[in-house]
Amino acid sequence: MTKKIYFVLALIFIVMLVGITQGGLTESSEARYAEIGREMALSNDFLHPRMLGIGHYHKPPVTYAITALGYKLFGFNEFGARFFLAVTLLLQLLLVYKMGKLWFEDRKTGIFAALIYFTFPIVLASVLNLTTDAYLNSFILSSIYCFLVAKLKKKKSVLYLGYALLGIAFLIKGPVVFLPVALFMICYKISTKEPIKPSKHTVLGILLLLGISASWFIAIVLEKPNLLDHFIEDQIVKRSVDASQFKRSKPFWYYLVFAPLLCLPWTVPFVYVLIAKRKRLTFTPQLKTLGFSCLAILLVFSLFSSKLIFYILPLYPLLALFFAGVYKQVLEHEKNYFLLTYKVGFGILTGMAIALLCIPTFEYKIWFSILALAAIGSYFYWWNFKTKASKSTRLFALSTGATLILLLLYFSFAPQNELLLRSFKPQYAFIEKQRKDTKDYKVIVYDYRLPSAAFYLGDRIVTVTNTNYESLRDTRFERDSSWTQSYIDLRDPNNYERFKSLLKDSTNIIITKDRRPIPDSLEYLTKHFEVEEFGDWRVHY
């Protein structure tokens, strides 16, 4: 059984490595992290994150540094940008398996938990797009695992490792990382009736945590004291209580509605079991800790006005462990219901493969779809009608296989529908083709911020902001004027002449969007350009 789970994890890792090169970087989040990592790798400055030549202090630098390391190992390409996402998925699956095996004292429960976790849609989404969330989740999960090892195996040294890992997590996204771990620890102590009494190891661990957490902030604030107000007011207070500043305000019920949808189809059979078969369940301290932790994370994060789906990602490893613990108890009685859920799931998967051919918006090669349908049909037929494996084996073979097929469908779909997925790689390829014999030209991005442009075209990008909030840059922390070479703010009338001179140069390229064209007063300067359309984007060349 142990060899089989490691084989499955290796297969998942290989599929991820093959797939992460498919499709260009998407705007805006993935392209932003990729470009900041690129500039960090080029400058070897791991203290000052920069994007499009301007300091970007919205988050600490660990995610950018991990991405920069990917470039150092594999070059400046999509594989280098996304490589450690595949690694972090493998690490999370291993941790969930180890936690289930350790805490429930049962290898099968650990395997169930890891495979359930892999099939959650939110988990796949987090590792298919470069952001902080997958890395943050890995460090939070590692910290919780260390806490459990220290408690259950009486290894105090591992407790310090857990606090150190949590300190690194802080350097990914700031103080919000403390919440899932603190809530888990509180629920653990309540469920096990352990007194909440800090030991000397806890105190020393917290001091280690604070030292690591504060290291980058102290270094950067000593150099630029005005960043302190920025971190406290803009990045902590406003993000927590005034989400409208970042266009992320959502109602209280947002997570309560969407959280269950992001672990489908498992939600359906487990809700049924918890309601209809609850008398068969024994709520052990493990299940109580996991259940209360999930509810606590959900409710506490619902209190914040700023909400994005990935903010609650740390909830899902705990939920997978909870589901696995419940499944182990009802194993003998409810297998058919779980299997039925995934039989329906395979029907939906078949429909998705057919839809790729039938929906006009999608570009998809017919032989890919036929191949996908053949794979889905063959796999489903084998595990339902031919194999003599147990129902549990069939269930997890179906769920894991369906998820791998879904990943392969996405990896074949993404490069054929890049504009639909907000990857603008095709327009950058067009620009390179048009200017293959010209070295000294600029690419003017009008009233939008496109970090992917710099990733694919290099440091020739000039961002011009006028009325669009998203194109504004914070230049308060710049020490010289070098940033003015890559940024023009038309809210200052003195910058119009430079913008006009760039438009007059016919070797330059202009990128605009339908909703924000060049102002009418300057449109005469673009009449000598030809225009190529890419969806609602325009390349003037």
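As shown above, the structure is provided for reference.
So, here's what we can say about the structure. Predicted, not measured: the structure shown is a model, and the values here were computed from it. (Residues numbered from 1 in each chain as written. Predicted model: local features only at pLDDT ≥ 70, side-chain atom pairs only at ≥ 80, totals over all residues. Heavy atoms only, no water.)

**Topic: the overall build of the chain**
So, step 1. What the chain contains, in helices and strands, is 21 helices and eight strands.
So, step 2. Here the chain has a C-alpha radius of gyration of 25 Å; the compact-globule value for 541 residues is 24 Å, and the two agree.
So, step 3. Judged by the C-alpha coordinates and their principal axes, the chain covers about 75 × 60 × 40 Å.
So, step 4. Going through the 541 residues of the chain one by one, you find that 53% of them count as buried.
So, step 5. Considering only residue pairs separated by 6 or more positions, the chain has 74% of its internal contacts joining residues 24 or more positions apart.
So, step 6. Split by element, the accessible area of the chain, about 24400 Å² in all, is 63% carbon and sulfur.
So, step 7. Across the chain, 63 positive and 39 negative side-chain charges occur, with their mean positions spaced 16 Å apart. (Helix = DSSP H or I, 4+ residues; strand = E, 2+ residues; numbered from the N terminus. Rg over C-alpha atoms; globule rule 2.2 N^0.38 Å. Buried < 20%, exposed > 50% of the residue type's maximum accessible area, 1.4 Å probe, protein only. Contact = heavy atoms within 4.5 Å. Areas by Shrake-Rupley, 256 points an atom, 1.4 Å probe, with all protein chains shown as cover. Lys, Arg positive; Asp, Glu negative; His and termini not counted. Charge placed at Lys NZ, Arg CZ, Asp CG, Glu CD.)

**Observations regarding the pattern of salt bridges**
So, step 1. Applying the stated criterion across every chain, the model contains 13 salt bridges.
So, step 2. One salt bridge connects aspartate 489 with arginine 491, and the closest N-O pair in it is separated by 2.8 Å.
So, step 3. For arginine 491, a relative accessible area of 52% puts it in the exposed group.
So, step 4. One salt bridge in this structure joins aspartate 514 and arginine 538, with 2.9 Å as the shortest N-O distance. On the criterion of sequence distance, the pair formed by aspartate 514 in the loop between strand E6 (509–513) and strand E7 (531–534) and arginine 538 in strand E8 (residues 537–540) is long-range, its members being 24 residues apart.
So, step 5. Aspartate 514 sits in the partly exposed class, given a relative accessible area of 42%.
So, step 6. A relative accessible area of 16% means that arginine 538 is categorised as buried. (Salt bridge = Lys/Arg side-chain N within 4 Å of Asp/Glu carboxyl O.)

**As for the packing of aromatic side chains**
So, step 1. Taken as a whole and assessed by the stated rule, the structure comprises 40 aromatic pairs.
So, step 2. Arranged with centres 4.9 Å apart and planes meeting at 75 degrees, the rings of phenylalanine 83 and phenylalanine 84 form a pair that is edge-to-face.
So, step 3. Judged by relative accessible area, phenylalanine 83 falls into the buried class, the value being 14%.
So, step 4. Measuring from centroid to centroid gives 5.8 Å for tryptophan 103 and phenylalanine 184, while their planes differ by 65 degrees, and the two rings are edge-to-face. With a gap of 81 residues between them, tryptophan 103 in helix H4 (residues 78–103) and phenylalanine 184 in helix H9 (residues 178–191) connect regions that are remote in the sequence. Take tryptophan 103 and phenylalanine 184: they sit in the same class, and that class is buried.
So, step 5. Ring pairing ties together the aromatic residues Phe112, Tyr117, Phe120, Trp266, Phe270, Tyr316, Phe322, Phe323, Tyr327 and Phe396, which thus form one cluster.
So, step 6. The ring of tyrosine 441 has arginine 460 sitting right over it, with the charged end atom 4.1 Å from the ring centre. (Phe/Tyr/Trp six-rings, centres within 6.5 Å; stacked < 30°, edge-to-face > 60°. Lys NZ or Arg CZ within 6 Å of the ring centre and 35° of its normal.)

**Some thoughts on a positive patch on the surface**
So, step 1. On the surface, Lys98, Lys101, Arg107, Lys153 and Lys155 cluster together into a positively charged patch.
So, step 2. With respect to the helices and strands, the residue lysine 153 is situated in the loop between helix H7 (133–152) and helix H8 (156–173). (Patch = residues over 30% accessible without salt bridge, like charges linked within 9 Å, V, L, I, M, F, W, Y side chains within 5 Å.)

**Concerning the nonpolar core**
So, step 1. Met16, Ile116, Phe120, Trp266, Tyr316, Tyr428 and Ile431 are the most contacted members of the largest nonpolar core, which totals 145 residues.
So, step 2. If sequence neighbours within four positions are ignored, phenylalanine 120 has contacts with Leu262, Cys263, Trp266, Tyr316, Ala320 and Phe323.
So, step 3. Of all hydrophobic cores here, the second largest spans 14 residues; its members include Val462, Ile488, Phe499 and Ile510. (Core = buried A, V, L, I, M, F, W, Y, C linked by side-chain atoms within 4.5 Å.)

**Description of unusual backbone geometry**
So, step 1. Across the junction of glutamate 27 and serine 28, the peptide omega takes the value 5 degrees, indicating a cis bond.
So, step 2. The omega angle of the peptide bond from leucine 264 to proline 265 is 0 degrees, so this bond is cis rather than trans.
So, step 3. Topologically, proline 265 is positioned in the loop between helix H12 (254–261) and helix H13 (267–276).
So, step 4. A positive phi angle, close to 55 degrees, is found at glutamate 105, a residue other than glycine.
So, step 5. Mapped onto the elements, glutamate 105 comes out in the loop between H4 and helix H5 (107–118).
So, step 6. Its relative accessible area of 73% is what places glutamate 105 among the exposed residues.

**Details of the sheet that holds strand E3 (residues 443–446)**
Two strands in a sheet stick together by hydrogen bonds in their backbones, pointing the same way (parallel) or opposite ways (antiparallel).
So, step 1. Strand order across the open sheet formed by six strands is E5-E4-E3-E6-E8-E7, with mixed pairing between neighbours. The outermost strands of the open sheet, each flanked by one partner alone, are strand E5 (487–489) and E7. Recorded for the sheet is a direction-independent mean angle of 20 degrees between the axes of neighbouring strands.
So, step 2. Sheet analysis places strand E4 (residues 461–465) next to E5, joined by three bridges and oriented parallel. In the strand pairing of E5, valine 464 is matched with isoleucine 488. (Pairing = 2+ DSSP bridges. Axes fitted to C-alpha atoms, helices over the stretch in contact; angles between N-to-C directions.)

**Here we look at the pairing of E6**
So, step 1. Within E6, five of the five residues are buried, which leaves the element mostly enclosed by the surrounding structure.
So, step 2. Alternating residues of E6 divide into Ile509, Ile511 and Lys513 and Ile510 and Thr512, and every residue in both groups is buried.
So, step 3. As paired strands, E3 and E6 are joined by three bridges and run parallel to one another. Following the sheet pairing, valine 445 is matched in E6 by isoleucine 511.

**A closer look at H4**
So, step 1. Counted at 1.5 Å a residue, the expected span for H4 with its 26 residues is 38 Å, and the 38 Å between its end C-alpha atoms agrees.
So, step 2. The element H4 is largely enclosed, with a buried count of 20 among its 26 residues.
So, step 3. A distance of 3.2 Å separates the backbone nitrogen of phenylalanine 79 from a side-chain oxygen at the start of H4, and that oxygen is part of asparagine 77.
So, step 4. Downstream of H4 by a residue or two, glutamate 105 has a phi angle that is positive, lying close to 55 degrees. (Expected span 1.5 Å × (residues − 1). Polar contact = N/O pair within 3.5 Å; in protein donor to acceptor, adjacent residues only side chain to side chain.)

Shape is all these values report; function is a separate question.
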